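This is what each chain is made of:
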Amino acid sequence: FYRNTADMASLEDAKRNDGTGELAANLREGLGPGTGLEGKGTVCKACGGFFAGTVSTSGGTTSLKLVNSSNTHKGRSRRLIVDQVQDGDDEPEIASGMQRHKSLHELDSIPTTECSVMRDYTTEEAVALEAYRAQGEKSLEPNLHVRGSLNDHEAKELAELRHQLALAKARIAQLEKIELGESKDFNTPDSDLNESQLLGRQMCREETARRAALRLERVTEAQAEVASKVGRGTVDGSMYDFTTGKPVKTEVIVARGVVSNPMLAAFEIIPMASASSPLFVFTDETVNELYGDAFVQGFEEMGYVMHKIVLPDGEDAKTLEVYGKLADHVLSIGIDKSSVLISLGGGAVANVCGFIASTLHRGIGLIHFPTTLLAQCDASISHKQAVNAPHGKNLVGSYYAPIRIVVDTDVLQTLEDWLLPDGMGEILKHALCQDADLLKYLEDYDGPLNDPVFLDYVVRRTIELKCEVIDIDPKENKEAVVLIYGHTLGHPIESISHRMGTACCLSHGQAVAIGCVIAARVAVLMGLADESIIERTEQLCAKYELPYLIPCDQSVDRIMAKLPFNKTWTKEGTMMALIERPGKIFNFDGHFKVGFIVH
């Protein structure tokens, strides 16, 4: 459990709280000779906290409780129960406690680089801390139970503590899987499918084979014509080769409060190598009014040379024309190879800033500070940079990894009301395709959409899910096709809605929500998923204020005519990501996209 406490007293103060010495005696007995626990413990040099151990025996099983004394973790003292120790074992699994302590660092955005640097604490230290903790329980608990009900502040505190407990349990479960060497398998064997799904899978296999045959025929015909003229000359040449590129790691840091004052960050934001280089902050008109000056000032006070560029709000900035003007503007001011471009805004700002960074000097530094829910869960958590073209969204772009991405969920409290549902479209996508537990959480949640605890949780979990697939499939050919779920038809619907004279202008999240419902219907029609997935998707869209019907002024013909300008299009037709059940993307024989021949 978690408990809010006052600042930890010194060890001397803690000892004085052990008035009669009875607690000390009991603890010494529990940690005494023959238990294998005497003097065992750890101190974390990353946060300054240490664990104290107590022992209890029930039903033949001995349990060790480790109490984290550090108030570094947002003022919360955290108590964790490690793996149970069977009678007869020489020692408890102290390492498991260390791993759980590391998870606290990850939840609170504290570097874990030194977390493995532990030292044993003395029995005296353990006695002092346990005495202080016990005294704190005696003094705090009556305040919570004397009255018949909690006041508003206590009720809010209790709700947050329960939410943090759920997060900790989920994180501990993830770490336990890692300890056991478990890995997520995205492939579904035939034995896990029902009869309808097996028939659908067979149909997909046949369709895939048909597409492959059509492509082979087309390619072979073209090759035959070209081959008759290639390599038939008389001039020979010497051949050499080289290899380029290596894996690039992007840090994603969730840290609240750093946008309004970057100097509060306890971590490096801009690389030291760029300390003397010109730096540029790209933002939009709305975000600039809220945070622009304070954000830039924070870096200037650290000694950086900053320039600010303000873009128009929304998709109007994502054009080749704007890209050209901004690139020329940056070059005119002057940059060097160590310069960094920083995006402070939503997905449009991140895309424009990222594409410019990827092309100037053939690539300079890039850092994202996403300020919308959609950007924090999707657009900015990516190595894809792009601008729009007249034919469709994101058709001109590059794969270019940012140095780091800093996510501050506090800024979501200043969003316009419609931007929260917009971001939920991408969150629903991840829940439907990757995490049945997150899906259930979203279905059961009954609080306000702007609740900081709720937003912090869904942002963190969605980032975890997206990083999971990007890391193993950066080009979105297999496991990471979850990222295009709802987009195959969502993108054309969104693009058409932006034409002059249309009935409504859909945001990206709204269009993705509609695309998710269409994908669910396609999966059901093909027998790949149970019909209930349609109702669940529609109900979630309605709950989070998202549309799930195609606008009345759009026709099937207009939508299908847009498909060739989608990035999943091939000459043999379009490709879609579908789901087979909540939390699981449909797949067969290593394929994660279903192909359709469109006539």
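Everything quoted here is computed from the prediction, not taken from an experiment.

## Some details on the overall build of the chain
Logical step 1: Tallying secondary structure elements over the chain gives 17 helices and 19 strands in all.
Logical step 2: With 599 residues in all, the chain has 49% of them scored as buried.
Logical step 3: For the chain, the accessible area works out to roughly 29,500 Å², and carbon and sulfur atoms hold 53% of it.

## Structural notes on the nonpolar core
Logical step 1: Leu-373, Met-424, Leu-442, Phe-454, Tyr-485, Tyr-544 and Leu-578 are the most contacted members of the largest nonpolar core, which totals 74 residues.
Logical step 2: For this core, the secondary structure elements donating two or more residues are α10 (373–379), β15 (404–407), α11 (419–434), α12 (436–444), α13 (452–472), α14 (487–497), α15 (508–525) and α16 (532–543).
Logical step 3: Of all the elements, α15 adds the most residues to this core, at eleven residues.
Logical step 4: For Leu-373, the residues in contact, after removing those within four places along its chain, are Leu-412, Leu-415, Leu-419, Leu-420, Gly-423, Met-424, Ile-427, Leu-455 and Val-459.

## Focus: the pattern of salt bridges
Logical step 1: Under the criterion given, the structure shown has 22 salt bridges.
Logical step 2: Residues joined in a network through salt bridges with shared partners are Asp-190, Arg-201, Arg-205 and Asp-589.

## What to know about the confidence of the model for the chain
Logical step 1: Residues with a pLDDT of 70 or more make up 71% of the chain, whose mean pLDDT is 77.
Logical step 2: Under a pLDDT of 50 for its full length, residues 1–43 has, in the predicted model, 94 contacts with residues more than four places off or in other chains.
Logical step 3: Confidence over residues 48–98 falls short of pLDDT 50; this stretch has 144 contacts with residues more than four positions distant or in other chains.

## As for helix α9 (residues 347–359)
Logical step 1: Taking 1.5 Å as the rise per residue, α9 with 13 residues should run 18 Å; its terminal C-alpha atoms sit 18 Å apart, in good agreement.
Logical step 2: Most of α9 is tucked away, with twelve of its 13 residues classed as buried.
Logical step 3: Positioned one or two residues after α9, His-361 has a phi angle of 50 degrees, which is positive.

## Some remarks on the sheet that holds strand β9 (residues 278–284)
Logical step 1: Taken in spatial order, the six strands line up as β8-β15-β12-β11-β9-β10 in an open sheet, and their pairing is parallel. This sheet does not close on itself; its edge strands, each paired only once, are β8 (251–254) and β10 (305–311). Strand-to-strand twist across the sheet, computed as the mean angle between neighbouring axes with direction ignored, equals 15 degrees.
Logical step 2: Of the pairings in the sheet, the one linking strand β11 (residues 340–345) to strand β12 (residues 365–370) comprises six bridges and is parallel in character. By the bridge assignment for β12, Ile-342 is matched with Ile-367.
Logical step 3: Relative to β10, helix α7 (residues 285–302) is tilted by about 175 degrees, and along the sheet it contacts β9, β10, β11 and β12.
Logical step 4: Strand contacts of α9: β9, β10, β11 and β12, with the helix running at about 170 degrees to β11, the strand carrying the most contacts.

## Things to note about α15
Structural remark: α-helix, 3.6 residues per turn; residues separated by three or four positions point the same way.
Logical step 1: Its 18 residues place the ends of α15 26 Å apart at the C-alpha level, agreeing with the 26 Å of an ideal helix rising 1.5 Å per residue.
Logical step 2: Note on α15: the residue one or two positions beyond its end, Gly-527, has a positive phi of about 80 degrees.

## Digging into the packing of α11 against α12
Logical step 1: α12 packs onto α11 with a crossing angle of 130 degrees between their chain directions and a minimal axis gap of 6 Å. One finds that α11 runs oblique with respect to α12. Of the residues in α12, those in contact with Met-424, Ile-427, Leu-428, Ala-431, Leu-432 and Gln-434 of α11 are Ala-436, Leu-438, Leu-439 and Leu-442.

What counts and how
Residues numbered from 1 in each chain as written. Predicted model: local features only at pLDDT ≥ 70, side-chain atom pairs only at ≥ 80, totals over all residues. Heavy atoms only, no water. Helix = DSSP H or I, 4+ residues; strand = E, 2+ residues; numbered from the N terminus. Buried < 20%, exposed > 50% of the residue type's maximum accessible area, 1.4 Å probe, protein only. Areas by Shrake-Rupley, 256 points an atom, 1.4 Å probe, with all protein chains shown as cover. Core = buried A, V, L, I, M, F, W, Y, C linked by side-chain atoms within 4.5 Å. Contact = heavy atoms within 4.5 Å. Salt bridge = Lys/Arg side-chain N within 4 Å of Asp/Glu carboxyl O. pLDDT = per-residue confidence, 0-100. Expected span 1.5 Å × (residues − 1). Pairing = 2+ DSSP bridges. Axes fitted to C-alpha atoms, helices over the stretch in contact; angles between N-to-C directions. Parallel < 35°, antiparallel > 145°, perpendicular 65-115°, else oblique.

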